[in-house]
Amino acid sequence: MRKSYKLLIISILAVLLLTACSSKSAEKEGNGEKEINLLFNFAANSLDPNIDTSYVSLRAGITETLVHLNDENLMIEPWLAESWSSEDGQTWTIKLRNDVTFQNGEPMDGEAVKASLERAMKDSIAIENALRIESIRAVGHTLTIKTEVPFPEFPSELVHPNTSIIDVTETDFVNKPIGTGPFAVSSFTPGTAVDLMRYEGYWDGAAKLEKARFSFNEDANARSLALESGGADIVFRPEVESLENLEAIEGVAVESTSTFRVHQMTMNLQRESMRNINVRKAIDALIDRKSIVDTILRGHAAVADGPFPSSFSFAPTYPEKQTGIEVARTFLEQAGYEEVGGVMQKDGEPLALTLLTYSARADLPLIAQVFQSDAGQLGIEVDIQQIEVPEEYMAANRDWDLTTYSNLTAPRGDAGYYLNATYHPNGALNFSGVNDSKLTGMIDQLNSTVGQEGRSDLAEEIAGYVDKEVYNSFILHPNTLVAYNSDKVENWVTSRSEYYMLTNVLDVK
Amino acid sequence: MIRILSRRLFEVAIFLLLITFASFLFARLAPGDPVLSMLRVDDVSVTNEQVEQLREEMGFNDPLLVQYGLWLTDFVKMDFGNSYITKQPVMEMLLSGLPATLELTAGALLVMILIAVPLGSFAALYRGSWIDQISRGVSLLGAAVPSFWLGLILIDLFGVRLGILPTMGRDGFISAVLPSVTLGLAITSIYVRLLRSSLIDSLSHEFVRAARSRGISETRIFFSHAFRASLPPVITVFGVSLGSLIGGVVVIEVIFAYPGIGKMVVDAIRARDYPVIQGYILIMAILVFLVNSTVDLSYRYLNPELRLKEKRKS
């Protein structure tokens, strides 16, 4: 009897404790404040805007950059910088807005921006390389920046989130950077969340939300469940398998937006068979893009014709291509191959390819398997090898023919980054070993061309040439998935660049 | 005493030297290049010359022994360096995440004790009964269910359906409940079976029969003699498996967005952030050493035979 009594008391206490917890969290949400909780798929242990590779400061609306990427036309546009100009592509005059203040009330002037950019270059070798700045001179709200070499894409590099402008006189960059954005940091728990409050003095009009939480969870299932439980209002990249469940919930909207990423089949041109353009054309024809998009990506991707998504001004209109096994067979026959006893061979040598893949992007190994299966039907033996760090392996070894690889092609609205890194003989991502003097000349010309229009035309021409020569084969552009509580969230825009998330116009109903 | 202490300290120094050297070698011989992460080749246009130049500047082209020597020199000066990626001081980073991981580990141990002790004890006392069968079932289930899956089930149940427990982050005691239960359930099974078999063994010892013949109550025999005598093997296994337990926390930390050291080191391994990896291994080595020393000391308390032997010697 006494035992039962004790058990009863313990049970009541446990229930009371749990009820107290649940009512506590309900109070937190239901205090009438306009607040949103966004759940992101990467965790940050530091908010340092110039170093953090998850770009949380920019995404959470704490900081801003001088130049903005317009999500509609994918062109760069002024943000903290009012305008910029250069005659030679090496000396740049940047006029700053004169109505911007940092979240501590200090004005954002030329000296502050100079100090911020210098700090970014000092602390991040990647930004130092990206900006290539030789000197900065600040007078009032005007900056004169000289780059080490003529660098026409300089303004587009100022879109990079790690060039965010911060007040460097404040020192706690890791936990409380002071930027110019619509939200100031109220507290930061590394790896978990950053709590934000509206900055009333924001230059573009104070945010409609009073508070916001930008939290992190790297597990896709847990993110989906967080939306279902009401623990989050906006969820980035929910589990693909959970999409049907989420869509079935009343008041949940799911958006699938194309990105600037391309999944490609990188070709090693230093291999004997790959040197033949008809073999490359055959491989290109063998890739069943539509089926890969529909089955592996469940429709959440766009078929790729080239490296750049078609919405970019420098994406060419590609000629229609025939694909399929029979088309591939024709190309291989033109390359001198013939099928003997079910094996595609040339001069008695069977066509055997080594295909590298890696699991950091779960869809790439599956794409490799689909290709292996299709190639097998044509008598091509494909040996799939799983590697861990593709960049390192491809650069250090030449014993492979193909790699399923994923790349950002124009993250800041300019084609220069991708074309230089991937097709210039000195490019760190030129794993194919492309060394085509005509192509190099075109890229060099791009590197000295100032002005968006001229650069676009040249980049388009280069992309067309890459397609004609079949330097790599492009498979698809994966989408970004965002699910959110549409009964609560208003004015949400899924940014294609994924740079801009919490904005001053985001609101609750 | 001083002699024992200095001997122990010397052993620790050798142990740390060996483990840091081995981990240094493994980290550097494994595929991966921190220079590519630092230069962010997937986001910023970089030339091969820049990659090679940074490699040279960072000393990655030096012989491994030279690199290790430099690290060791800094280590002796208690300088653990900065993370290549976040630029933060390594020890500051790791020590900020350590409390959360230790909290989860302690929570999991509490859950384990709350389940394993009664279940293992009853299973031993009532061998072959329904409660023994239940303990067997619980152990099998615990061993078979992956902790990430269990975590999601618990989130779904307590976060989505019942809405009574937080499912993410570290915000007071209550946020540690679900991750601790998940981790605790995952490790419980082995201890239930271990405690059961150890208790059965203790209960069959002569000292138990002698106690019974002297008319000591069964409850006292169980708690004061048999249970205590059954603990050394359980504690030994605990001491040995603590390292892997802390290492296993990482899955739980990811699912529950619990900001611990495990997740931090996985990120460091991905980016080949060597200073963070070295710092983590060092902390783990010290922790494992401390726990094993405590386990050694606990034998003295739990095993009267050991105490008697020491007394006789003195």
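Colleague: So what exactly am I meant to see when it comes to the overall build of chain A here?
Modeller: Counting its secondary structure elements, chain A contains 15 helices and 23 strands. Taken against the 2.2 N^0.38 rule, which gives 23 Å for 509 residues, the C-alpha radius of gyration of chain A at 26 Å falls within 12% of a compact globule. Seen along its three principal axes, the alpha-carbon backbone of chain A occupies a region of about 85 × 80 × 35 Å. The burial tally for chain A puts 49% of its 509 residues in the buried class. Considering only contacts within chain A whose residues lie at least 6 apart along the sequence, 68% involve residues at least 24 apart.

Colleague: I'm lost on the interface of chain A and chain B in this one. Help?
Modeller: The accessible area lost on association of the parts is a frequent measure of interface size. Listed as interface residues are 47 residues of chain A and, on the opposing side, 45 residues of chain B. Taken together, the residues of the side of chain A that touches chain B sort by class into 22 nonpolar, 18 polar and 7 charged.

Colleague: How do you make sense of the nonpolar core when you look at a structure like this?
Modeller: One recurring pattern in soluble globular proteins is that nonpolar side chains are buried together. The biggest cluster of nonpolar side chains holds 87 residues, and the ones touching the most others in it are L38, A60, F183, V194, F214, I234 and V235 of chain A. It is helix α10 (residues 218-255) of chain B that contributes the most residues to this core, 12 residues altogether. The residues contacting I234 of chain A, other than those within four sequence positions of it, are I36, L38, L39, V482, Y484, V489 and W492 of chain A. Counting 83 residues, the second-largest nonpolar core is a separate cluster that includes F308, F314 and A315 of chain A together with I283 of chain B.

Colleague: In this structure, what is going on with the packing of helix α5 (residues 90-125) of chain B against helix α6 (residues 130-144) of chain B? I would like to understand it.
Modeller: Each pair of packed helices gets described by two things: the angle between the helix axes and the distance between those axes. Residue and element names in this part refer to chain B. Axis separation between α5 and α6 bottoms out at 8 Å; the angle between their running directions is 135°. Taken together, the axes of α5 and α6 lie oblique to each other. For the element pair α5 and α6, the recorded crossing hand is left-handed. On α6, the residues touching L119, G120, F122 and A123 of α5 are I131, D132, S135 and V138. In the contact of α5 with α6, the residues fall into 5 nonpolar, 2 polar and 1 charged.

Colleague: Sorry if this is basic, but what is going on with the sheet that holds strand β16 (residues 343-346) of chain A here?
Modeller: Backbone hydrogen bonds hold the strands of a sheet together, and the pairing may be parallel or antiparallel. All names here are of chain A. Judged by pairing direction, the sheet is antiparallel, and its 3 strands sit side by side in the order β15-β16-β17 without closing on themselves. Sheet topology places β15 (338-340) and β17 (349-350) at the edges, where each strand pairs with a single neighbour. Sheet topology places β15 next to β16; 3 bridges connect them, and they run antiparallel. Across the sheet, residue V340 finds its bridge partner in β16, namely V343.

Colleague: Just to check I follow, could you spell out the packing of α5 of chain B against helix α8 (residues 177-203) of chain B for this structure?
Modeller: Two elements in contact, α5 of chain B and α8 of chain B, have axes whose closest approach is 6 Å; the angle formed by their N-to-C orientations is 35°. In this structure, α5 of chain B crosses over α8 of chain B, and the sense of that crossing is right-handed.

Colleague: Got a minute to help me understand unusual backbone geometry in this structure?
Modeller: Glycine aside, residues mostly have negative phi angles, and peptide bonds mostly take the trans form. With a phi close to 50°, V470 of chain A is a non-glycine residue in the positive phi region. Given 19 C-beta atoms within 10 Å, V470 of chain A falls into the partly exposed group. Although it is not a glycine, K87 of chain B adopts a positive phi angle of roughly 70°. Within the fold, K87 of chain B resides in the loop between α4 (64-76) and α5.

Colleague: I tried to follow the pairing of strand β13 (residues 261-267) of chain A on my own but got confused; where do I start?
Modeller: Consecutive side chains along a regular strand alternate between the two faces of the sheet. Residues and elements named next belong to chain A. In terms of burial, β13 is largely enclosed, as 7 of its 7 residues are buried. Of the two faces of β13, the one holding R261, H263, M265 and M267 and the one holding V262, Q264 and T266 are both buried throughout. Two elements, β13 and strand β20 (residues 402-408), share 7 bridges in a ladder whose sense is antiparallel. By the bridge assignment, V262 is partnered in β20 with N407. As judged from the 3 bridges shared by β13 and strand β21 (residues 473-485), these two strands associate in the antiparallel manner. When the bridges of β21 are listed, H263 appears paired with L476.

Colleague: Would you take a moment to explain the environment of Q278 of chain B for this structure?
Modeller: Residues and elements named next belong to chain B. Position of Q278 among the secondary structure elements: in helix α12 (residues 274-302). In sequence terms Q278 and A123 are 155 residues apart; their C-alpha atoms lie 43 Å from each other. Ignoring anything within four residues of it in the chain, the contact list for Q278 reads T20, S23, F24 and W71.

Colleague: I'm lost on the environment of R398 of chain A in this one. Help?
Modeller: Residue and element names in this part refer to chain A. Mapped onto the secondary structure, R398 falls in the loop between α12 (390-396) and β20. Residue class for R398 comes out exposed when judged on the 12 C-beta atoms lying within 10 Å of it. Separated by 33 residues in the primary sequence, R398 and F431 have C-alpha atoms spaced 9.0 Å apart. When neighbours within four sequence positions are excluded, R398 is seen to be in contact with N268 and Q270.

Colleague: Can you help me understand helix α1 (residues 2-29) of chain B in this one?
Modeller: One turn of an α-helix holds 3.6 residues; hence residues three or four places apart share an orientation. The terminal C-alpha atoms of α1 of chain B lie 40 Å apart, and with 28 residues this matches the ideal 40 Å at 1.5 Å per residue to within 8%. By the criterion of burial, α1 of chain B is predominantly exposed, with just 1 of the 28 residues buried.

Colleague: What exactly am I supposed to notice about the sheet that holds strand β7 (residues 142-147) of chain A here?
Modeller: All names here are of chain A. Spatially, β4-β5-β7-β6 is the arrangement adopted by the 4 strands of the open sheet, whose pairing is antiparallel. In this open sheet, the two edge strands, each paired with only one partner strand, are β4 (81-85) and β6 (133-139). Shown here is a sheet whose adjacent strand axes are inclined to one another by a mean of 20°, direction ignored. As paired elements, strand β5 (residues 91-96) and β7 share 5 bridges and run antiparallel to each other. Among the inter-strand pairings, W92 is bridged to a residue of β7, identified as I145.

Colleague: Honestly, the confidence of the model for chain A in this entry has me stumped. Any pointers?
Modeller: Predicted coordinates in regions of low pLDDT should not be interpreted in detail. Scored by pLDDT, chain A comes out at a mean of 90, with 94% of its residues at no less than 70. For residues 1-5 of chain A, every residue scores under 50 in pLDDT, and the model assigns this stretch 0 contacts once sequence neighbours within four places are set aside.

Thresholds, definitions, all that
- Residues numbered from 1 in each chain as written.
- Chains lettered and ligands numbered in written order.
- Predicted model: local features only at pLDDT ≥ 70, side-chain atom pairs only at ≥ 80, totals over all residues.
- Helix = DSSP H or I, 4+ residues; strand = E, 2+ residues; numbered from the N terminus.
- Rg over C-alpha atoms; globule rule 2.2 N^0.38 Å.
- Buried ≥ 20, exposed ≤ 12 C-beta atoms within 10 Å, placed from the backbone.
- Contact = placed C-beta atoms within 7 Å.
- Nonpolar A, V, L, I, M, F, W, Y, C, P; charged D, E, K, R; others polar.
- Core = buried A, V, L, I, M, F, W, Y, C linked by C-beta atoms within 7 Å.
- Axes fitted to C-alpha atoms, helices over the stretch in contact; angles between N-to-C directions.
- Parallel < 35°, antiparallel > 145°, perpendicular 65-115°, else oblique.
- Left-handed = near helix turned anticlockwise from the far one by under 90°.
- Pairing = 2+ DSSP bridges.
- Expected span 1.5 Å × (residues − 1).
- pLDDT = per-residue confidence, 0-100.

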